[in-house]
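Summary of structural features
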Number of protein chains: 2
Amino acid sequence: MSAPKIQTRQRQEQITQAALDLINDSGVTGLSIAGIARRVGIVPSALYRHFSSKDAVLDAVLDLIGQRLQDNVAHVRQKTPVPLQQLKLLFTRHTAMLSENRAIPHMVFSDAVYYGQPGRRARVAQIIFTYLKEIETIIASGRQDGSIRMDVATATAAVMFLGLIMPAAILWNVSGENFDMATHIKTAWPAYERSIAAQTPKEAL
Amino acid sequence: MSAPKIQTRQRQEQITQAALDLINDSGVTGLSIAGIARRVGIVPSALYRHFSSKDAVLDAVLDLIGQRLQDNVAHVRQKTPVPLQQLKLLFTRHTAMLSENRAIPHMVFSDAVYYGQPGRRARVAQIIFTYLKEIETIIASGRQDGSIRMDVATATAAVMFLGLIMPAAILWNVSGENFDMATHIKTAWPAYERSIAAQTPKEAL
DNA sequence: AAGAATTGTGATTCACAATTCACATTTTAC
DNA sequence: GTAAAATGTGAATTGTGAATCACAATTCTT
């Protein structure tokens, strides 16, 4: 019994998504050609019609992740024009995203990134720094409208924003998903805000 | 030509250290029995005289990492009694430690932790939460002496402390060790301090 | 110094996963 | 409709790395 023939473009999407899902379930180590193929409903060797190698699949997964992050930023921008609110919203959305996709931290910290295909690490750096840049842009506009203080470097404020997210992701993962994200968001945000906002705002709860 | 015979206790230490070094160089994926054995100067099969399996070696490495973290805390405590200074010192020491040992984030985020031996994840959780607990203790004493504000939960302040460290570690690794740790420490610390200190201190620079 | 326990060695087994290839089937182009 | 291109299949190849085992050398005990 043979799988239906699908155009490469769509198969590539299926394969990339299946790979992402598989990483969610079993980590980067658990990612195998056979596993991906099974999920897509084709035979392992068929996968090579659409990707030249496993490494190529990994690169596609990285692209997908970068895409998702950018989508997040775009969504937040379109939701509200107020910089501090954009940041808070991005915070909640990003944490929610991480709750559903462990694949993201797994990829970012994966050996495959650091010791696999040369250039892979640069690719991940690209994704992270691009994301960071977006955050910096938001912060910069907050500086312009006077809502964010000037004596914290935008770069630092942006890195600290990541610092709001990363530990939460780790603790959530390592604790067997028992870490209370909601509480973390509720308590950490005001503290972060205090460290970067021009003055303690009253309405931003 | 045969390697000298060494008592198991010491071989275990050699092996654990070699494994840690190997992870530093090649990641958890690059950790192989053969690689460890080569570094120690014995033959792969000889390793099984001292460890029952590769998993057992991994557990030993985890213990070693937990040990190092605790040592760090102890050192800081002995250096100064002022909570905020303890935190800052811990921050600098921890970042320095991460610069030298990529193995630590690699292990913490490794698939081997999440998808390997069941219970391994709990072990990592144990290490992290113990460390977090120490930080909370420091913060609690800062609350008692009035140097740290009461309206931030100690747990949150502790998690945010990790948030000072983790992004730095990632950016440093992903950027090919080009991220400027020193600048990060210098700019991020005051911001963090502002978010948890009772009032902007003047001497704590 | 003899026997037991410990530690080291080399060959080998086993499982697993990526990749290739010759061939089959379906889709597309003309 | 027919040839060519695209896609899918199953078998075979190859490499890798963990683990086992029988045997050798060393150290410890007494």
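Thresholds, definitions, all that
Residue numbers restart at each chain and count upward from 1, following the sequence in its written direction. Working convention: letters from A go to chains and numbers from 1 go to ligands, in the order in which they are written. Local features in this predicted model are restricted to residues whose pLDDT is 70 or higher, and side-chain atom pairs enter the listing and the counts only when it is 80 or higher, whereas totals over whole chains, interfaces and linings include all residues. To obtain the side-chain values, all non-hydrogen atoms of the structure were used and water was disregarded. Helix and strand definitions follow DSSP, with helices as H or I runs of at least four residues and strands as E runs of at least two, each counted in order from the N terminus. The classification of residues rests on relative accessible area computed with a 1.4 Å probe and restricted to protein chains. Under 20% of the type maximum is buried, over 50% is exposed, and intermediate values are partly exposed. Working rule for contacts: check all heavy atoms of both residues, and any pair within 4.5 Å makes them a contact. Defined in terms of a 1.4 Å probe, buried area is the accessible area two parts forfeit on being brought together, summed over both. Any carboxyl oxygen of Asp or Glu that lies within 4 Å of a side-chain nitrogen of Lys or Arg is treated as forming a salt bridge with it. Identification of polar contacts relies on pairs of N or O atoms within 3.5 Å, with a donor-acceptor requirement for protein atoms, meaning one able to donate a hydrogen and the other able to accept it, and with residues adjacent in sequence counted only if both atoms are side-chain atoms. We call a residue near a molecule or strand when any one of its heavy atoms sits within 4 Å of it. Just so you know the grouping, Ala, Val, Leu, Ile, Met, Phe, Trp, Tyr, Cys and Pro go in nonpolar, Asp, Glu, Lys and Arg go in charged, and all remaining residues, Gly too, go in polar. Aromatic pairs are defined between Phe, Tyr and Trp rings, using the six-membered ring for Trp, whenever the two ring centres lie within 6.5 Å; interplanar angles under 30 degrees are classed as stacked, those over 60 as edge-to-face, and all others as tilted.

Re the side chain of Thr156(B)
Looking at the element boundaries, Thr156(B) is found in helix 9 (residues 154–174). When its relative accessible area of 6% is taken as the criterion, Thr156(B) is described as buried. The residues touching Thr156(B), leaving out its near neighbours within four places in the chain, are Thr187(A) and Ala188(A).

Quick word on the interface of chain B and chain A
Facing 44 residues of chain B, the contacting portion of chain A comprises 44 residues. Across the chain B/chain A interface, buried area totals approximately 3,700 Å², and carbon plus sulfur atoms make up 69% of it. When residues of chain B are sorted by the area they lose upon contact with chain A, Tyr115(B), Val174(B) and Arg194(B) head the list and together hold 18% of the total. Summed over the shared surface of chain B and chain A, the number is two salt bridges. A salt bridge links Asp151(A) to Arg194(B), with the shortest nitrogen-to-oxygen separation between them at 3.9 Å. Counting across the chain B and chain A interface gives 14 residue pairs in polar contact (both at pLDDT 80 or more).

Remarks on the protein's contact with DNA strand D
Around DNA strand D there are 25 residues in total, and Lys5(A), Ser45(A), Arg49(A), His50(A) and Lys5(B) lie nearest to it. Protein-proximal atoms of DNA strand D, defined as those within 4 Å of the protein, fall in sugar or phosphate at a share of 53%. Taking Ser2(A), its side chain carries an N or O atom lying 3.0 Å from a sugar or linking oxygen of DNA strand D. Between a phosphate oxygen of DNA strand D and a side-chain N or O atom of Lys54(B), the distance comes to 2.9 Å. By residue class, the composition of the surface near DNA strand D is 11 nonpolar, eight polar and six charged.

Regarding the pattern of salt bridges
Residues and elements named next belong to chain A. Across all of its chains, the model carries 17 salt bridges over all chains by this definition. With a shortest N-O distance of 3.0 Å, arginine 120 and aspartate 55 are connected by a salt bridge. Remark: aspartate 55 occurs in helix 3 (residues 54–79) and arginine 120 occurs in helix 7 (residues 120–144); sequence separation between them is 65 residues. A relative accessible area of 2% means that arginine 120 is categorised as buried. A residue is classified by how much of its surface remains accessible, and aspartate 55, at 28% relative accessible area, is partly exposed. The salt bridge involving arginine 77 is made with glutamate 134; its shortest N-O contact spans 3.1 Å. Of this pair, arginine 77 sits in helix 3 while glutamate 134 sits in helix 7, placing them 57 residues apart in sequence. Judged by its relative accessible area of 34%, arginine 77 is partly exposed. Given the relative accessible area of 18%, glutamate 134 is considered buried. Through salt bridges that share partners, Asp55, Asp59, Asp63, Arg120 and Arg123 make up one connected network.

Here we look at the packing of aromatic side chains
Tallying each qualifying case throughout the model produces 11 aromatic pairs over all chains. With a centroid separation of 3.7 Å and 15 degrees between ring planes, the pair formed by Phe109(A) and Phe109(B) is classed as stacked. Here Phe109(B) lies in helix 6 (residues 103–109) and Phe109(A) lies in helix 5 (residues 103–109), a pairing that spans two chains. Exposure class is identical for Phe109(A) and Phe109(B). Each is buried. An aromatic cluster is present here, built from Phe91(A), Phe161(A), Trp189(A) and Tyr192(A) joined pairwise through their rings.

A look at helix 2 (residues 33–40) of chain B
Residues lying three or four places apart along an α-helix face the same way, a consequence of the helix completing one turn every 3.6 residues. Along helix 2 of chain B, the residues classified as buried are Ile33(B), Gly35(B), Ile36(B), Ala37(B) and Val40(B). Remark: Gly41(B) follows helix 2 of chain B within two positions and exhibits a positive phi of approximately 95 degrees.

A word on the protein's contact with DNA strand C
Close contacts around DNA strand C come from 26 residues, with Lys5(A), Lys5(B), Ser45(B), Arg49(B) and His50(B) the closest. Each atom of DNA strand C within 4 Å of the protein was classed as base or backbone; sugar and phosphate made up 54%. Contact distances for DNA strand C include 2.7 Å between a phosphate oxygen and a side-chain N or O atom of Arg11(B). When contributions to the surface near DNA strand C are tallied by element, the ones reaching two or more residues are helix 2 (33–40) of chain A together with helix 1 (8–26) and helix 3 (44–47) of chain B. Looking at the surface near DNA strand C residue by residue, the class counts come to 11 nonpolar, nine polar and six charged.

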